[in-house]
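Secondary and tertiary structure notes
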Amino acid sequence: MFFTNTLVERLAHARHVAVLTGAGISAESGIPTFRNPGGLWDRFRPEELANLDAFLQNPELVQEWYEYRRNVAMNTSPNPGHLALVDLEDLIEDFTLITQNVDDLHRRAGSKNVVELHGNIMRSYCIDCGRPADDFKPNDEGPYVCRDCGGLIRPDVVWFGELLPEEAVEQAQRSAERAEVFLSIGTSAIVYPAAGLPLLAKQSGAYVAEVNIEPSAIAGDMDETIQGRAGEVLPRLVEAVHRIKPHSNKRNGQL
Ligand code: BJW
Ligand code: ZN
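In short, a report on the structure.

The environment of ligand 1 is made up of 36 residues, and the closest members are Tyr66, Arg69, Thr187, Ser188 and Asn212. In the model, an oxygen atom of ligand 1 is placed 2.6 Å from a nitrogen or oxygen of the Arg69 side chain. Interatomic distance of 2.7 Å between a backbone N/O atom of Tyr192 and an oxygen atom of ligand 1. Here the residues of the shell around ligand 1 sort into 18 nonpolar, 12 polar and six charged.

Let's shift gears to the coordination of the zinc ion (ligand 2). Only Cys126 (SG), Cys129 (SG), Cys146 (SG) and Cys149 (SG) from the protein reach the zinc ion (ligand 2) as donors, at distances of 2.3 to 2.4 Å. Classification of the site at the zinc ion (ligand 2) rests on its four donor atoms, whose angles at the metal span 97 to 119 degrees, yielding the label tetrahedral. Between consecutive donors of the zinc ion (ligand 2), the numbers of intervening residues give the motif C-x2-C-x16-C-x2-C. Taken as a pair, Cys129 in the loop between strand S4 (119–126) and strand S5 (153–157) and Cys146 in the loop between S4 and S5 lie far apart in primary sequence, 17 residues in all. Using a relative accessible area of 41% as the deciding quantity, one classes Cys129 as partly exposed.

By size, the foremost hydrophobic cluster in this structure holds 30 residues, and its most contacted members are Leu7, Leu183, Ile185 and Leu234. Listed by contribution, the elements that provide at least two residues to this core are helix H1 (5–13), strand S1 (16–21), helix H7 (80–91), strand S2 (94–99), strand S6 (181–185), strand S7 (207–212) and helix H11 (230–244). A per-element tally of this core places H11 first, with seven residues. Apart from residues lying up to four places away in sequence, Leu234 is in contact with Ile25, Gly81, Ala84, Leu85, Ile185 and Val211. Listed in part, the 22 residues of the second largest apolar core include Ala168, Val169, Ala172 and Ala189.

Under the definition given, this model contains four aromatic pairs. With centroids separated by 6.4 Å and ring planes inclined at 20 degrees, the aromatic side chains of Phe2 and Phe3 adopt a geometry described as stacked. For Phe3, a relative accessible area of 8% puts it in the buried group. Each ring, one from Tyr66 and one from Trp159, has its centre 6.1 Å from the other, and the planes form 50 degrees; the classification is tilted. A residue pair is termed long-range when its members are at least 10 positions apart, and Tyr66 in helix H6 (residues 59–74) and Trp159 in the loop between S5 and helix H9 (166–178) qualify at 93 residues. Trp159 carries the same exposure label as Tyr66, and that label is buried. Here the basic side chain of Arg69 rests over the ring of Trp65, its NZ or CZ set 4.5 Å away from the ring centre. Cation over ring: Arg154 sits above Trp159, and NZ or CZ is 3.9 Å from the ring centre.

Another aspect to go through is the pattern of salt bridges. Inspection of the entire model under this criterion finds 12 salt bridges. Here Arg229 and Glu28 are joined by a salt bridge, their closest N and O atoms 3.8 Å apart. On the criterion of sequence distance, the pair formed by Arg229 in the loop between strand S8 (224–227) and H11 and Glu28 in the loop between helix H2 (24–27) and helix H3 (40–43) is long-range, its members being 201 residues apart. Arg229 sits in the partly exposed class, given a relative accessible area of 43%. According to the relative accessible area criterion, Glu28 is partly exposed, its value standing at 28%. Of the charged contacts in the structure, one is a salt bridge between Asp223 and Lys202, with a shortest N-O distance of 3.6 Å. Taken as a pair, Asp223 in the loop between S7 and S8 and Lys202 in helix H10 (residues 197–203) lie far apart in primary sequence, 21 residues in all. Its relative accessible area of 37% is what places Asp223 among the partly exposed residues. A relative accessible area of 34% means that Lys202 is categorised as partly exposed.

Calculation rules
- As a convention, each chain's residues are numbered from 1 in the sequence order in which they are written.
- Whichever chain is written first is A, and whichever ligand is written first is 1; the rest continue in order.
- It should be noted that, the model being predicted, local features are given only for residues of pLDDT at least 70 and side-chain atom pairs only at 80 or more, the latter also being counted only at that level, while totals for whole chains, interfaces and linings use all residues.
- For the side-chain quantities, the full set of heavy atoms in the structure was used; hydrogens and water were omitted.
- Proximity is defined per residue: if any heavy atom of the residue lies within 4 Å of a molecule or strand, that residue is considered near it.
- Under the rule applied, a polar contact is a pair of N or O atoms within 3.5 Å (in protein, one hydrogen donor and one hydrogen acceptor; residues adjacent in sequence only if both atoms are side-chain atoms).
- Classification convention: Asp, Glu, Lys, Arg as charged; Ala, Val, Leu, Ile, Met, Phe, Trp, Tyr, Cys, Pro as nonpolar; all other residues, Gly among them, as polar.
- Water is not part of the atom set, so a site may look incomplete; the donors themselves are N, O and S atoms within 2.8 Å of the metal, or 3.2 Å for Na, K and Ca.
- Every angle between 85 and 135 degrees makes a four-donor site tetrahedral, while opposite donors more than 155 degrees apart, with all other angles between 65 and 115, make a four-donor site square planar and a six-donor site octahedral; other sites are irregular.
- Numbering of helices and strands runs from the N terminus, with a helix taken as a DSSP run of H or I at least four residues long and a strand as a DSSP run of E at least two residues long.
- Three exposure classes are used, based on accessible area relative to the maximum for each residue type with a 1.4 Å probe and protein chains only: buried under 20%, partly exposed in between, and exposed over 50%.
- The term nonpolar core refers to a set of buried residues drawn from Ala, Val, Leu, Ile, Met, Phe, Trp, Tyr and Cys, joined through side-chain atoms within 4.5 Å.
- Note on contacts: a residue pair is in contact if any heavy atoms of the two residues lie within 4.5 Å.
- Two aromatic rings from Phe, Tyr or Trp, using only the six-membered ring of Trp, form a pair when their centres are within 6.5 Å; if the ring planes differ by under 30 degrees the pair is stacked, by over 60 it is edge-to-face, and anything between is tilted.
- The rule for a charge over a ring is simple: NZ of Lys or CZ of Arg within 6 Å of the ring centre, and within 35 degrees of the ring normal.
- Throughout this description, the term salt bridge denotes a Lys or Arg side-chain nitrogen within 4 Å of a carboxyl oxygen of Asp or Glu.

Here it is, written out as structure tokens:
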């Protein structure tokens with residue numbers, strides 16, 4: 001059995017549920033993770049590319065790396081793991097999907113209440129005047145720069161040492177604190193503050209479970225660890241919840 005009846009029952013009866021996702025949920029869409037063998041950072045060292053100093057030293061290289069990753073993300077589709085979370089959202093009165101992913105796949109799948117902790121690779125902005133630059137493309141001659149002020153254009157993502165968007169962090173923390181069930185899916189749980197959210201939820205009384213192909217850094221703190229691929233586990237989990245709770249509270253107008 002993939003998961004316990006306890007988890008299914010708790011999900012079926014919960015009013016407040018929060019989910020944290022990481023790169024593992026998009027792995028089955030064909031987007032490499034960061035830290036597994038064959039992951040993004042096997043080929044590209046994070047300290048070389050995903051921080052502000054590296055960007056300022058070699059903006060063209062970093063812009064090209066993100067352009068490459070943007071193309072990979074745009075040419076993939078949400079997988080059954082993303083889609084199961086859309087179904088789950090429909091069943092739960094207060095559902096928050098907190099993601100560390102920048103690939104936009106949760107939104108493309110149809111999830112509504114999505115909190116993006118580390119930004120979104122599809123957006124870019126000028127580091128000098130802040131002008132959004134969503135038509136970002138690498139320039140033939142030198143790095144891509146702002147049309148208005150000539151400043152460098154960077155992806156709207158959170159690099160190491162940078163603050164996460166304040167509103168997103170607050171929303172994530174509030175949803176973790178009120179969650180009756182908290183699911184941590186496809187994350188190694190080594191990057192903070194995101195990795196602290198499942199523990200915050202647990203301290204606030206939630207039943208916490210993780211879905212991962214291998215134990216994460218915080219597996220020992222979970223009430224339940226489900227070893228498996230998100231794209232296989234989540235559709236079965238949501239199907240099991242549906243068997244107890246066939247209709248959405250939202251659709252029934254019980255809110
Ligand atoms: C599957 C699967 C399948 C595979 N199904 N599962 C407290 C303690 C210690 C350090 C810190 C701390 N607080 C802050 C820090 C510093 C730092 C940090 O956490 N460092 C640690 C590495 C130690 N944090 C920060 O700097 C953050 N900022 C901050 O805290 O500001 C305040 C501050 C300022 C100045 C000084 C100090 C503090 C910012 C963090 C930003 C992270 N940014 C990145 C890059 C985003 C842009 C980009 O994409 O290029 O975000 S790093 C990268 O890691 C990316 C991810 O969102 C993030 C998390 O990775 P994730 O998603 O967990 O991926 P993986 O690859 O690690 O794991 C995948 C998992 O999936 C694995 O477990 C697989 O097994 C599993 N899996 N297939 C299910 N099919
Ligand atoms: Zn500018």
